[in-house]
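Here is what each chain is made of, one letter per residue.
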Amino acid sequence: MSKKILVVNTGGTIAMSVDDSEGVKPLDDQAVNKILPFLEKHADVTMKNVLNLPSPHMTPAIMNQLRLDIEEAFEQDHYDGIVITHGTDTLEETAYFLDLTLSVNVPIVVTGAMRSSNELGADGPVNLISSVRVAADSDSLNKGVIVVFNDEIHAARHVTKTHTSNVATFQSPQYGPIGTIAKKSVQYHHAPLDREHYAITHADANVPLIKAVAGMEPSWLQFLLEQQIDGLVVEAFGLGNLPPAIIPTLQQLLDKGVPIVLVSRCYNGQVQDIYDYEGGGRKLKEMGIIFSNGLNGQKARLKLIVTLQKTRTFKELQLLFDQ
Ligand SMILES: NC(=O)C[C@H](N)C(=O)O
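Here is what the cut-offs are and how they apply
Residues numbered from 1 in each chain as written. Predicted model: local features only at pLDDT ≥ 70, side-chain atom pairs only at ≥ 80, totals over all residues. Heavy atoms only, no water. Pairing = 2+ DSSP bridges. Helix = DSSP H or I, 4+ residues; strand = E, 2+ residues; numbered from the N terminus. Axes fitted to C-alpha atoms, helices over the stretch in contact; angles between N-to-C directions. Contact = heavy atoms within 4.5 Å. UniProt positions renumbered as here; feature names shortened; annotations may be inferred. Buried < 20%, exposed > 50% of the residue type's maximum accessible area, 1.4 Å probe, protein only. Core = buried A, V, L, I, M, F, W, Y, C linked by side-chain atoms within 4.5 Å. Near = heavy atom within 4 Å. Polar contact = N/O pair within 3.5 Å; in protein donor to acceptor, adjacent residues only side chain to side chain. Nonpolar A, V, L, I, M, F, W, Y, C, P; charged D, E, K, R; others polar. Left-handed = near helix turned anticlockwise from the far one by under 90°.

**Q** Would you mind going over the sheet that holds strand 8 (residues 152-155) in detail, with residue names and values included?
**A** Read across the open sheet, the 8 strands follow the order 4-1-5-6-7-8-11-12; overall the sheet is mixed. Two strands lie at the open edges of the sheet, namely strand 4 (44-49) and strand 12 (186-188), each paired on one side alone. Averaged over all pairs of adjacent strands, the angle between their axes in this sheet comes to 25 degrees, without regard to strand direction. Across 4 bridges, strand 7 (residues 146-149) lies against strand 8 in antiparallel orientation. Opposite Val 148, over in strand 8, you have Ile 153 as the bridge partner. Packed onto the sheet, helix 2 (residues 60-76) meets strand 1 (4-9), strand 4 and strand 5 (81-85) and runs at close to 150 degrees relative to strand 5. Against the sheet, helix 4 (residues 124-135) touches strand 1, strand 4, strand 5, strand 6 (108-111), strand 7, strand 8, strand 11 (179-181) and strand 12, its axis set at about 155 degrees to strand 5.

**Q** Which residues make up the UniProt feature "binding site: substrate" (unreviewed entry) in the chain, and what are the values?
**A** According to UniProt, the feature "binding site: substrate" (unreviewed entry) maps to Ser 55, Thr 88 and Asp 89 in the numbering used here. Sequence-wise these annotated residues cover 35 residues; spatially they are packed, their C-alpha atoms never more than 6.8 Å apart. Its location among the elements puts Thr 88 in the loop between strand 5 and helix 3 (91-101). A relative accessible area of 5% places Thr 88 in the buried class. Once residues lying within four places of it in the same chain are set aside, the contact partners of Thr 88 are Ser 55, Ala 113, Met 114, Phe 149, Lys 161 and Phe 170. Relative to the helices and strands, Asp 89 is located in the loop between strand 5 and helix 3. Residue contacts for Asp 89: discarding those within four places in its chain leaves Ser 55, Pro 56 and Lys 161.

**Q** Mind laying out the sheet that holds strand 15 (residues 260-264), listing which residues take part and the relevant values?
**A** Hydrogen bonds along the backbone pair up the strands of a sheet, which may run parallel or antiparallel. If you walk across this open sheet you meet the 4 strands as 13-14-15-16, and the pairing is parallel. Looking at the sheet topology across the chains shown, the edges are occupied by strand 13 (209-211) and strand 16 (290-291). Packing against the sheet, helix 8 (residues 297-307) makes contact with strand 13, strand 14 (232-236) and strand 15, and its axis sits at approximately 160 degrees to strand 14.

**Q** Now, about the nonpolar core: what can you tell me, with residues and values included?
**A** The biggest cluster of nonpolar side chains holds 49 residues, and the ones touching the most others in it are Ile 70, Ile 82, Ile 84, Phe 97, Leu 98, Ile 108 and Leu 304. Sorting elements by how many residues they give to this core places helix 3 first, with 6 residues. Residues contacting Ile 70, with those up to four places away along its chain left out, are Val 8, Ile 82, Ile 84, Leu 98 and Leu 102.

**Q** How would you explain the UniProt feature "domain: L-asparaginase N-terminal" (unreviewed entry) in the chain if you had to name every residue and give the values?
**A** In this structure's numbering, the residues bearing the UniProt feature "domain: L-asparaginase N-terminal" (unreviewed entry) are residues 4-192. Helix makes up 23% of residues 4-192 and strand 24%, with an end-to-end C-alpha separation of 25 Å.

**Q** I'd like a description of the site of the ligand, backed by residues and values.
**A** All residues in the neighbourhood of the ligand are listed as Gly 12, Thr 13, Met 16, Pro 54, Ser 55, Pro 56, Gly 87, Thr 88, Asp 89, Ala 113 and Met 114. Within the contact set of the ligand, a nitrogen atom lies 2.8 Å away from a side-chain nitrogen or oxygen of Asp 89. The contact in question runs from a nitrogen atom of the ligand to an N or O atom on the backbone of Ala 113, over 2.8 Å. Partitioned by chemical class, the residues of the shell around the ligand number 5 nonpolar, 5 polar and 1 charged.

**Q** Kindly report on the packing of helix 3 against helix 8, identifying the contributing residues and their values.
**A** With their axes 10 Å apart at the nearest point, helix 3 and helix 8 run at an angle of 35 degrees to one another. Helix-helix and strand crossings are classified by hand; for helix 3 and helix 8 the assignment is right-handed. Residues Glu 92, Glu 93, Tyr 96, Phe 97, Leu 100 and Thr 101 of helix 3 lie in contact with helix 8, whose contacting residues are Gln 298, Lys 299, Arg 301, Leu 302, Lys 303 and Val 306. A per-class count over the contact of helix 3 with helix 8 returns 5 nonpolar, 2 polar and 5 charged.

Written as C-alpha coordinates, this is what we have:
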(Lines give C-alpha, C1' and ligand atoms only; values in the text may rest on other atoms or scores of the structure.)
Protein backbone atom coordinates (compact mmCIF):
# COMPACT_ATOMS: atom_id res chain seq x y z
CA MET A 1 0.00 0.00 0.00
CA SER A 2 1.42 3.39 -0.84
CA LYS A 3 2.39 5.68 2.02
CA LYS A 4 0.41 8.83 2.78
CA ILE A 5 2.66 11.87 2.54
CA LEU A 6 1.69 15.47 3.25
CA VAL A 7 3.61 18.14 1.29
CA VAL A 8 3.42 21.55 2.99
CA ASN A 9 4.44 24.43 0.73
CA THR A 10 5.82 27.63 2.27
CA GLY A 11 7.40 29.36 -0.76
CA GLY A 12 11.01 30.03 -1.78
CA THR A 13 12.66 29.72 -5.18
CA ILE A 14 11.06 26.30 -5.70
CA ALA A 15 7.78 28.29 -6.01
CA MET A 16 9.19 31.21 -8.03
CA SER A 17 9.74 31.95 -11.72
CA VAL A 18 12.29 33.99 -13.63
CA ASP A 19 11.03 36.77 -15.96
CA ASP A 20 12.54 38.28 -19.16
CA SER A 21 14.64 40.75 -17.15
CA GLU A 22 16.11 37.80 -15.21
CA GLY A 23 14.33 38.87 -12.02
CA VAL A 24 13.05 36.00 -9.88
CA LYS A 25 9.63 36.49 -8.22
CA PRO A 26 7.12 34.39 -6.30
CA LEU A 27 4.35 32.92 -8.49
CA ASP A 28 0.72 33.72 -7.64
CA ASP A 29 -0.21 30.09 -7.75
CA GLN A 30 2.49 27.89 -6.31
CA ALA A 31 4.53 26.19 -8.99
CA VAL A 32 5.08 23.26 -6.66
CA ASN A 33 1.54 22.04 -7.34
CA LYS A 34 2.56 21.28 -10.94
CA ILE A 35 4.97 18.63 -9.65
CA LEU A 36 2.15 16.71 -7.93
CA PRO A 37 1.48 14.23 -10.81
CA PHE A 38 5.17 13.15 -10.73
CA LEU A 39 5.00 12.41 -7.01
CA GLU A 40 2.06 10.05 -7.19
CA LYS A 41 4.22 7.21 -8.48
CA HIS A 42 6.07 7.28 -5.14
CA ALA A 43 3.31 7.89 -2.57
CA ASP A 44 -0.25 8.99 -1.96
CA VAL A 45 0.51 12.73 -1.75
CA THR A 46 -1.65 15.54 -0.36
CA MET A 47 -0.45 19.11 -0.97
CA LYS A 48 -1.21 22.07 1.28
CA ASN A 49 -0.09 25.61 0.42
CA VAL A 50 0.25 27.25 3.81
CA LEU A 51 2.50 30.21 2.87
CA ASN A 52 4.14 31.69 -0.20
CA LEU A 53 7.08 33.51 1.36
CA PRO A 54 10.58 34.24 0.17
CA SER A 55 12.47 32.68 3.07
CA PRO A 56 14.24 35.93 4.13
CA HIS A 57 10.71 36.94 5.25
CA MET A 58 10.56 33.99 7.67
CA THR A 59 10.51 34.68 11.45
CA PRO A 60 10.57 32.40 14.51
CA ALA A 61 6.88 33.30 15.10
CA ILE A 62 6.00 32.09 11.58
CA MET A 63 8.08 28.94 12.12
CA ASN A 64 6.07 28.31 15.27
CA GLN A 65 2.78 28.79 13.36
CA LEU A 66 4.08 26.32 10.76
CA ARG A 67 4.76 23.83 13.58
CA LEU A 68 1.16 24.28 14.82
CA ASP A 69 -0.24 23.88 11.28
CA ILE A 70 1.70 20.63 10.81
CA GLU A 71 0.63 19.26 14.20
CA GLU A 72 -3.00 20.13 13.44
CA ALA A 73 -2.89 18.55 9.96
CA PHE A 74 -1.35 15.44 11.50
CA GLU A 75 -4.06 15.26 14.17
CA GLN A 76 -6.80 15.48 11.54
CA ASP A 77 -5.36 12.85 9.26
CA HIS A 78 -2.58 10.42 10.04
CA TYR A 79 0.24 10.84 7.50
CA ASP A 80 3.22 8.49 7.19
CA GLY A 81 5.58 11.35 6.47
CA ILE A 82 5.69 15.11 5.94
CA VAL A 83 7.66 17.16 3.40
CA ILE A 84 8.02 20.93 3.74
CA THR A 85 9.09 23.03 0.75
CA HIS A 86 10.92 26.19 1.81
CA GLY A 87 13.22 28.92 0.50
CA THR A 88 16.86 27.97 0.94
CA ASP A 89 18.10 31.19 2.58
CA THR A 90 16.63 30.34 6.00
CA LEU A 91 15.79 26.69 5.35
CA GLU A 92 18.30 25.42 7.93
CA GLU A 93 16.70 27.66 10.56
CA THR A 94 13.14 26.42 10.03
CA ALA A 95 14.39 22.82 9.80
CA TYR A 96 16.28 23.14 13.10
CA PHE A 97 13.40 24.98 14.83
CA LEU A 98 11.04 22.15 13.85
CA ASP A 99 13.64 19.58 14.90
CA LEU A 100 13.61 21.09 18.40
CA THR A 101 9.88 21.62 18.77
CA LEU A 102 7.71 19.49 16.48
CA SER A 103 5.87 16.69 18.27
CA VAL A 104 5.02 14.48 15.31
CA ASN A 105 6.62 11.07 15.18
CA VAL A 106 6.94 10.44 11.43
CA PRO A 107 9.76 11.37 9.01
CA ILE A 108 9.87 15.15 8.49
CA VAL A 109 11.81 16.35 5.43
CA VAL A 110 12.57 19.94 4.43
CA THR A 111 13.58 20.76 0.85
CA GLY A 112 13.69 23.59 -1.67
CA ALA A 113 15.45 24.65 -4.86
CA MET A 114 18.31 26.84 -5.97
CA ARG A 115 16.88 27.36 -9.47
CA SER A 116 13.42 28.77 -10.06
CA SER A 117 10.64 26.65 -11.51
CA ASN A 118 10.98 27.78 -15.16
CA GLU A 119 14.80 27.79 -15.30
CA LEU A 120 16.62 25.16 -17.34
CA GLY A 121 17.98 22.53 -14.98
CA ALA A 122 15.48 23.48 -12.26
CA ASP A 123 16.31 21.39 -9.18
CA GLY A 124 12.94 21.80 -7.40
CA PRO A 125 11.12 18.83 -9.01
CA VAL A 126 13.92 16.34 -8.35
CA ASN A 127 14.45 17.59 -4.79
CA LEU A 128 10.73 17.24 -4.12
CA ILE A 129 10.52 13.74 -5.62
CA SER A 130 13.58 12.69 -3.56
CA SER A 131 12.00 14.19 -0.44
CA VAL A 132 8.74 12.29 -0.92
CA ARG A 133 10.73 9.09 -1.42
CA VAL A 134 12.73 9.75 1.76
CA ALA A 135 9.61 10.67 3.77
CA ALA A 136 7.97 7.42 2.64
CA ASP A 137 10.99 5.30 3.59
CA SER A 138 10.69 3.62 7.00
CA ASP A 139 14.47 3.99 7.54
CA SER A 140 13.83 7.73 7.84
CA LEU A 141 12.03 7.24 11.18
CA ASN A 142 13.70 8.62 14.33
CA LYS A 143 16.30 10.68 12.49
CA GLY A 144 14.88 14.04 13.60
CA VAL A 145 14.00 16.63 10.98
CA ILE A 146 16.08 16.03 7.87
CA VAL A 147 17.00 18.15 4.87
CA VAL A 148 16.94 16.49 1.46
CA PHE A 149 18.76 18.34 -1.29
CA ASN A 150 20.78 17.36 -4.36
CA ASP A 151 20.51 13.58 -3.68
CA GLU A 152 21.77 13.92 -0.09
CA ILE A 153 20.13 13.62 3.32
CA HIS A 154 21.34 15.93 6.11
CA ALA A 155 20.46 16.26 9.80
CA ALA A 156 18.76 19.61 10.53
CA ARG A 157 21.13 20.21 13.43
CA HIS A 158 24.25 20.08 11.28
CA VAL A 159 23.25 21.25 7.81
CA THR A 160 24.01 24.74 6.54
CA LYS A 161 23.74 26.66 3.28
CA THR A 162 27.32 26.92 1.99
CA HIS A 163 27.03 28.35 -1.53
CA THR A 164 25.05 31.30 -2.89
CA SER A 165 23.94 29.59 -6.10
CA ASN A 166 25.27 26.01 -6.49
CA VAL A 167 22.64 23.25 -6.29
CA ALA A 168 25.00 21.37 -3.92
CA THR A 169 24.73 24.26 -1.45
CA PHE A 170 23.53 22.25 1.58
CA GLN A 171 26.41 20.63 3.45
CA SER A 172 27.04 19.41 6.99
CA PRO A 173 30.63 20.65 7.40
CA GLN A 174 31.39 18.77 10.65
CA TYR A 175 29.84 15.39 9.90
CA GLY A 176 28.76 15.11 6.25
CA PRO A 177 25.38 13.85 5.03
CA ILE A 178 23.63 11.09 6.99
CA GLY A 179 22.44 9.40 3.81
CA THR A 180 22.24 9.48 0.05
CA ILE A 181 19.48 8.98 -2.47
CA ALA A 182 20.19 6.55 -5.29
CA LYS A 183 17.99 5.98 -8.35
CA LYS A 184 16.10 3.14 -6.70
CA SER A 185 16.89 3.35 -3.00
CA VAL A 186 17.46 5.57 -0.02
CA GLN A 187 20.61 4.73 1.91
CA TYR A 188 21.50 5.95 5.40
CA HIS A 189 25.16 5.86 6.51
CA HIS A 190 24.65 7.01 10.09
CA ALA A 191 22.04 8.62 12.33
CA PRO A 192 22.22 11.71 14.54
CA LEU A 193 23.04 10.57 18.09
CA ASP A 194 21.47 13.43 20.00
CA ARG A 195 17.80 14.30 19.82
CA GLU A 196 16.19 17.09 21.79
CA HIS A 197 12.57 18.06 22.13
CA TYR A 198 11.09 21.15 23.76
CA ALA A 199 7.35 21.66 24.16
CA ILE A 200 6.80 25.35 23.50
CA THR A 201 3.83 27.64 23.07
CA HIS A 202 5.36 30.68 21.37
CA ALA A 203 8.60 31.85 19.76
CA ASP A 204 8.79 35.56 20.32
CA ALA A 205 11.84 36.08 22.54
CA ASN A 206 13.95 39.02 21.38
CA VAL A 207 17.41 37.46 20.79
CA PRO A 208 19.88 39.33 18.54
CA LEU A 209 22.97 37.68 17.02
CA ILE A 210 26.23 39.61 16.70
CA LYS A 211 29.48 38.63 15.02
CA ALA A 212 32.94 39.47 16.34
CA VAL A 213 35.36 41.24 13.99
CA ALA A 214 38.86 42.57 14.51
CA GLY A 215 38.73 46.11 15.90
CA MET A 216 35.08 45.86 16.98
CA GLU A 217 33.91 49.04 18.77
CA PRO A 218 31.70 48.93 21.89
CA SER A 219 29.65 51.82 20.43
CA TRP A 220 28.39 49.45 17.71
CA LEU A 221 26.67 47.45 20.44
CA GLN A 222 24.94 50.39 22.16
CA PHE A 223 21.54 49.19 20.89
CA LEU A 224 21.90 46.06 23.05
CA LEU A 225 21.87 48.19 26.18
CA GLU A 226 19.11 50.51 25.02
CA GLN A 227 16.44 47.97 24.20
CA GLN A 228 14.86 45.13 26.12
CA ILE A 229 16.51 41.92 24.90
CA ASP A 230 15.81 38.43 26.25
CA GLY A 231 19.14 36.92 25.26
CA LEU A 232 22.13 37.38 22.97
CA VAL A 233 24.20 35.10 20.73
CA VAL A 234 27.78 36.12 19.96
CA GLU A 235 29.78 34.59 17.11
CA ALA A 236 33.28 34.68 18.53
CA PHE A 237 36.68 34.09 16.91
CA GLY A 238 38.15 30.57 16.67
CA LEU A 239 37.91 28.58 19.89
CA GLY A 240 35.68 31.25 21.46
CA ASN A 241 37.59 34.50 22.01
CA LEU A 242 36.42 38.11 21.72
CA PRO A 243 37.90 41.61 21.33
CA PRO A 244 38.48 42.95 24.87
CA ALA A 245 36.79 46.25 23.93
CA ILE A 246 33.32 44.67 23.94
CA ILE A 247 33.66 42.80 27.26
CA PRO A 248 32.28 45.66 29.44
CA THR A 249 29.11 45.77 27.30
CA LEU A 250 28.67 42.00 27.66
CA GLN A 251 29.25 42.26 31.42
CA GLN A 252 26.53 44.94 31.68
CA LEU A 253 24.11 42.64 29.86
CA LEU A 254 24.96 39.70 32.12
CA ASP A 255 24.47 41.95 35.16
CA LYS A 256 20.97 42.74 33.85
CA GLY A 257 20.25 38.97 33.71
CA VAL A 258 20.54 38.64 29.92
CA PRO A 259 21.91 35.19 29.00
CA ILE A 260 24.69 35.30 26.39
CA VAL A 261 25.46 32.25 24.24
CA LEU A 262 28.85 31.93 22.57
CA VAL A 263 29.41 30.19 19.23
CA SER A 264 32.34 30.32 16.82
CA ARG A 265 32.71 32.07 13.46
CA CYS A 266 34.46 28.83 12.37
CA TYR A 267 32.06 26.34 10.86
CA ASN A 268 33.94 23.36 12.30
CA GLY A 269 34.67 22.59 15.95
CA GLN A 270 33.30 23.94 19.22
CA VAL A 271 33.96 26.93 21.46
CA GLN A 272 36.03 26.05 24.55
CA ASP A 273 37.33 27.82 27.64
CA ILE A 274 41.02 27.56 26.80
CA TYR A 275 42.58 30.99 26.30
CA ASP A 276 43.26 32.90 29.51
CA TYR A 277 43.96 36.39 28.12
CA GLU A 278 41.58 39.35 28.24
CA GLY A 279 38.60 38.41 26.03
CA GLY A 280 39.79 34.77 25.91
CA GLY A 281 37.36 31.86 26.29
CA ARG A 282 38.40 31.03 29.85
CA LYS A 283 37.59 34.57 31.01
CA LEU A 284 34.27 34.50 29.14
CA LYS A 285 33.31 31.27 30.89
CA GLU A 286 34.19 32.80 34.28
CA MET A 287 31.87 35.74 33.48
CA GLY A 288 28.95 33.29 33.07
CA ILE A 289 28.74 33.25 29.29
CA ILE A 290 27.09 30.06 27.99
CA PHE A 291 29.16 27.95 25.57
CA SER A 292 27.33 26.25 22.72
CA ASN A 293 28.46 22.91 21.36
CA GLY A 294 29.04 23.26 17.64
CA LEU A 295 25.80 24.99 16.60
CA ASN A 296 26.20 27.88 14.20
CA GLY A 297 25.03 31.34 15.25
CA GLN A 298 21.64 31.28 13.59
CA LYS A 299 20.77 27.89 15.10
CA ALA A 300 22.09 28.77 18.58
CA ARG A 301 19.78 31.82 18.43
CA LEU A 302 16.76 29.60 17.73
CA LYS A 303 17.78 27.19 20.46
CA LEU A 304 17.99 30.09 22.92
CA ILE A 305 14.56 31.40 21.83
CA VAL A 306 13.16 27.90 22.43
CA THR A 307 14.99 27.07 25.69
CA LEU A 308 14.22 30.46 27.27
CA GLN A 309 10.70 29.08 27.69
CA LYS A 310 12.09 26.41 29.97
CA THR A 311 14.56 28.42 32.02
CA ARG A 312 16.32 31.77 32.27
CA THR A 313 19.01 30.52 34.64
CA PHE A 314 22.48 30.68 33.08
CA LYS A 315 23.54 27.34 34.63
CA GLU A 316 20.47 25.48 33.40
CA LEU A 317 20.78 27.02 29.95
CA GLN A 318 24.42 25.87 29.87
CA LEU A 319 23.28 22.28 30.56
CA LEU A 320 20.82 22.49 27.65
CA PHE A 321 23.53 23.93 25.37
CA ASP A 322 25.85 21.04 26.35
CA GLN A 323 23.40 18.63 24.67
N1 LIG B 1 16.90 29.37 -3.35
C2 LIG B 1 16.05 30.05 -2.61
O3 LIG B 1 15.01 29.55 -2.23
C4 LIG B 1 16.48 31.43 -2.18
C5 LIG B 1 15.35 32.42 -1.95
N6 LIG B 1 15.91 33.74 -1.81
C7 LIG B 1 14.57 32.08 -0.69
O8 LIG B 1 15.16 31.67 0.27
O9 LIG B 1 13.39 32.26 -0.66
